[in-house]
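# What the coordinates show
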Amino acid sequence: MNGSKSPGLAGFGVLKNTTCHTEKKISVFFSIIFMTVGILSNSLAIVILMKAYQRFRQKSKASFLLLASGLVVTDLFGHLINGAIAVFVYASDKDWIRFNQSNILCSVFGICMVFFGLCPLFLGSVMAVERCIGVTKPIFHSTKMTSRHVKMMLTMVCLFAVLIALLPILRFRAYQIQASRTWCFYKTEHVEDWEDRFYLLLFSCLGFLALAISFLCNAVTGITLLRVKFKSQQRQGRSHHFEMIIQLLAIMCVSCICWSPFLVTMARIGVAEGRSQETCETILFALRMATWNQILDPWVYILLRKAVLKNLYKITSGCCGVHVINLHMWELSSIKNSLKVAAISESPGSSRQINLQPLSSMGQ
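Residues numbered from 1 in each chain as written. Predicted model: local features only at pLDDT ≥ 70, side-chain atom pairs only at ≥ 80, totals over all residues. Heavy atoms only, no water.

### Focus: unusual backbone geometry
What counts, and what does not: By definition, any uninterrupted DSSP run of H or I lasting at least four residues is a helix, any uninterrupted run of E lasting at least two residues is a strand, and each is numbered from the N terminus.
Located in the positive-phi region is Phe-172, a residue other than glycine, with phi close to 60 degrees. Assignment of secondary structure puts Phe-172 in the loop between α7 (147-170) and β1 (176-177). Although it is not a glycine, His-190 adopts a positive phi angle of roughly 55 degrees. Mapped onto the elements of the fold, His-190 is located in the loop between β2 (184-185) and α8 (194-231).

### Regarding the packing of helix α5 (residues 104-136) against α8
Two measures define how a pair of helices packs: the angle their axes make with one another and the distance between the axes. Put simply, the rule is: Axes here mean lines fitted to C-alpha atoms, for a helix over just the part in contact, with angles spanning 0 to 180 degrees between N-to-C directions. Just so you know how the angles are binned, under 35 degrees is roughly parallel, over 145 roughly antiparallel, 65 to 115 roughly perpendicular, and the rest oblique. In a left-handed crossing the near helix is turned counterclockwise from the far helix by less than a right angle, and in a right-handed crossing that turn is clockwise. Amino acids outside the nonpolar list (Ala, Val, Leu, Ile, Met, Phe, Trp, Tyr, Cys, Pro) and the charged list (Asp, Glu, Lys, Arg) are all regarded as polar, and Gly is one of them.
The N-to-C vectors of α5 and α8 enclose an angle of 20 degrees; their axes lie 8 Å apart at closest approach. Comparing the axis directions of α5 and α8 gives the class roughly parallel. Between α5 and α8 lies a crossing whose hand is left-handed. The residue inventory of the contact of α5 with α8, partitioned by class, reads 16 nonpolar, eight polar and one charged.

### Observations concerning the UniProt feature "transmembrane region" (unreviewed entry) in the protein
Let me state the cut-off plainly: UniProt positions are given in the numbering used here, feature names are shortened, and annotations may be inferred rather than shown by experiment.
Here the UniProt feature "transmembrane region" (unreviewed entry) sits at residues 26-50, 62-90, 102-129, 150-170, 198-226 and 246-271. Helix makes up 93% of residues 102-129 and strand 0%, and the two end C-alpha atoms of the span are 42 Å apart. Across residues 246-271, the secondary structure splits into 100% helix and 0% strand, with the terminal C-alpha atoms separated by 36 Å.

### Some thoughts on helix α10 (residues 280-303)
Filter applied, for reference: For a helix, the expected span equals 1.5 Å multiplied by the number of residues minus one. By definition, a residue's bend is the angle between the axes fitted to the seven residues ending there and the seven starting there.
The end-to-end C-alpha distance of α10, which contains 24 residues, comes to 35 Å, matching closely the 34 Å that a straight helix rising 1.5 Å per residue would cover. Of all the bends in α10, the greatest reaches close to 25 degrees and is centred on Ile-295; the proline Pro-298 follows between one and four positions later.

The following block contains the structure:
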């Protein structure tokens, strides 16, 4: 009566004036393929991580595996929930007025899009911080970073992501149906209100902050490991650090490549103050790029493992006709040297032999 829109019809006014030409068959195909591949990939990664967690009981790797499992589980549920809603929308011919009268489905869809978008980025940064502490402060890490603390960190990250996702609902701002009529998110069309711009900028800033923290911590961790490798001769027990930092670097690269277009697009819409020139096709392309992050994340743990890399190295070396060098020869030599030193130290006159060995090597 007074010209105000009902909450149940939030976003439908945008659909009348905006066209986004998308082929239904291609869009359904993309949604089904993304959901299926994502579920299978993340399920396989969960099995691998759970087996690794049961096999390795050292605290330094157990905490990392717990965080990695949380990341993969989040990606799995993101594909399962968001993919199921997207397929349902396509199956209903995108007729939101018919099945979304009270705007409940759109609100749930928008909350899931924000939560399953930010939570993996947050977990990636937390994993980078955990590895940085484990490498630079090993004593503090071994005493403070227990499984209970890691589970508390996982819970806090998830709660923070839930809070960000529920913020529009708590402020009585409904999530909007986007111009393609296939998904719900913050308002991206004719954004003029400061609060709508704030949500878009908050999402983008938090995403970029998580990527920046990951980059900084991974850089510190990598430099520290390289310094230890070149300066110290006692390198046993460092292989799992290098394996995890390689995985973290891969996660960071995948997240940057996949999420940067979407984060930049949302930031540009928020800064433009209603004058954004971003088209529906551009936003959909950025969204699909972000979706690939949840598909590629589990393959980091599936492929970037020592056993897989060792076999790939052997296959590649065999095809090229190059003599295969054991990737872990330095570990075996370190163990043999440790046993040899222990045997010498137990024998009579060991102190004289140990003291003479460095002198002889210096003379050489």
